[in-house]
Amino acid sequence: MSEPKTVNFVGAELRRLRGIRKLGELASQAREVHAVRIGSAELDEIRLRHFEVGSLTPSTEECFTLSLLHRLSLHEMLDLLVVQQIVDKANLGARLEQLSSVHNQAWRDGDWETALAAAASGEALAERPSDWAAWRTQRAVSMGMLGMGRTALLILMDLSEHHSVEPDQRYQVFRYLADQQVNAGHFSLAAQSAQLAVEHAPHDLAPEWRWGLIHTQVRLFLLKAEQALEVDDEEIHEALFLIRDARRLITSEDSQKWLALDFMEAAAQELLGEQPVSEYERIARDARSCGHRHVEALAWKNLGVIHRRAGDIELAREPLLLARSLAREGHALDELFDVTFELYLLFEERGLELESEQYLAECHLHYQQVHSCTPNLLAYEALLRAAS
């Protein structure tokens, strides 16, 4: 039996971006760009064809030219190459039925690299516009989970107005767009997108999708409160009300969704001044037993932060290191930055310079890849400004 063929994701995307333009026309435009833009590369028709069939990978200068030809940012163009590397590494083959099964399992497991590889492959292979839009939406979500939030946000903004998105798909696009806007700290825009998701939701929307929308709304309240100078108790109580509402949409057998709600409820209670140490410990243990790596990492991190703020370095160290290990395994760069910064604070506050400098150096490595807006990221940026 032959090995599965790697899907040429970048080539499919370049052909889509080229549209009705011929390669000769694109080469002519590339020459004009090269003549006026420093740092760009001249591209002929043959090289452009190699990029589209996947026999050559563009250099950084060539990516710059391609980004200008296709009206993308250089950041978006380079992210396409990163996605292709993930597709090549996963090597999932080119059968859509298999890709769908692999994607759904990876999503449940929190394996975002595999989920991204499956979604990008499905997007490249999709024949119907609505299937293409569905796979592209899922690719954006996985990219956001892997630290490519800026590109994910742009993709979802484009999809929110795209003609290929069916009416019953638009709800999902707005819901995921709200998620990415929450991550980026655009809380007012996130509230608008969440409201649009409600307006576009069909009357017979499945309970799991209604649960997803409530999950997004609760995250909006909690992350907004984390960054506020003063917590709005009314919004936190509204979040707790929504959590209770969400529990009615799922059964106790749906352990992963139930644990996600448990975690958010504990986080809300913490924002109201409580110290849910035993609850975070219980959530982390239960999440481990059912394979919910994302919630387990979040629970260990919040537990470590409680102990750090109490000044107990020994009790804080282990849960933070566990959270860091889980974030590494899941390639969750946002979480990895957050917990690494917490480890830096833990040792810096205790005057342990060697350890604190080690974790601060790791923060430098993760910083350029993280686009979420968290108090830790804001504090780190303030540190950089002070150092300069």
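Here's a quick rundown of the structure. Here the structure is a predicted model, which is why all the values come from computation and not from measurement. (Residues numbered from 1 in each chain as written. Predicted model: local features only at pLDDT ≥ 70, side-chain atom pairs only at ≥ 80, totals over all residues. Heavy atoms only, no water.)

### Here we look at a negative patch on the surface
Now for step 1: Together, Glu-230, Asp-232, Asp-233 and Glu-234 give the surface a local cluster of negative charge.
Now for step 2: In this structure, Glu-234 sits in helix α13 (residues 233-247).
Now for step 3: Judged by relative accessible area, Glu-234 falls into the exposed class, the value being 68%. (Patch = residues over 30% accessible without salt bridge, like charges linked within 9 Å, V, L, I, M, F, W, Y side chains within 5 Å. Areas by Shrake-Rupley, 256 points an atom, 1.4 Å probe, with all protein chains shown as cover. Salt bridge = Lys/Arg side-chain N within 4 Å of Asp/Glu carboxyl O. Lys, Arg positive; Asp, Glu negative; His and termini not counted. Charge placed at Lys NZ, Arg CZ, Asp CG, Glu CD. Helix = DSSP H or I, 4+ residues; strand = E, 2+ residues; numbered from the N terminus. Buried < 20%, exposed > 50% of the residue type's maximum accessible area, 1.4 Å probe, protein only.)

### So, the nonpolar core
Now for step 1: Ranked by size, the top nonpolar core spans 55 residues in total, and within it Leu-48, Leu-66, Val-83, Leu-116, Met-143 and Leu-159 carry the most contacts.
Now for step 2: In terms of residues, this core owes the most to one element, helix α7 (residues 112-125), which gives 7 residues.
Now for step 3: When sequence neighbours within four positions are dropped, the list of residues in contact with Val-83 reads Phe-9, Leu-116, Ala-120, Arg-139 and Met-143.
Now for step 4: The next biggest cluster of nonpolar side chains, apart from the first, holds 50 residues, and it includes Leu-222, Ala-225, Leu-261 and Leu-326. (Core = buried A, V, L, I, M, F, W, Y, C linked by side-chain atoms within 4.5 Å. Contact = heavy atoms within 4.5 Å.)

### Concerning helix α6 (residues 96-109)
Now for step 1: The end-to-end C-alpha distance of α6 is 20 Å, a good match for the 20 Å that 14 residues give at a rise of 1.5 Å each.
Now for step 2: Turning to α6, its buried residues number three or more, namely Leu-99, His-103 and Ala-106. Projected down its long axis, α6 carries its buried residues within an arc of 70 degrees, all on one side.
Now for step 3: Buried residues belonging to α6 abut α7 and α8 (129-145).
Now for step 4: Phi turns positive one or two residues past the end of α6, at Gly-110, with a value near 70 degrees. (Expected span 1.5 Å × (residues − 1). Arc of directions from axis to C-beta.)

### Some thoughts on the pattern of salt bridges
Now for step 1: All told, the structure shown has 27 salt bridges when counted by the stated rule.
Now for step 2: When the shortest N-O distance is used, the salt bridge between Arg-16 and Glu-13 registers 2.8 Å. Pair noted here: Arg-16 and Glu-13 are both in helix α1 (residues 9-18), with a separation of 3 residues, about one helical turn.
Now for step 3: Residue classification places Arg-16 among the partly exposed positions, given a relative accessible area of 32%.

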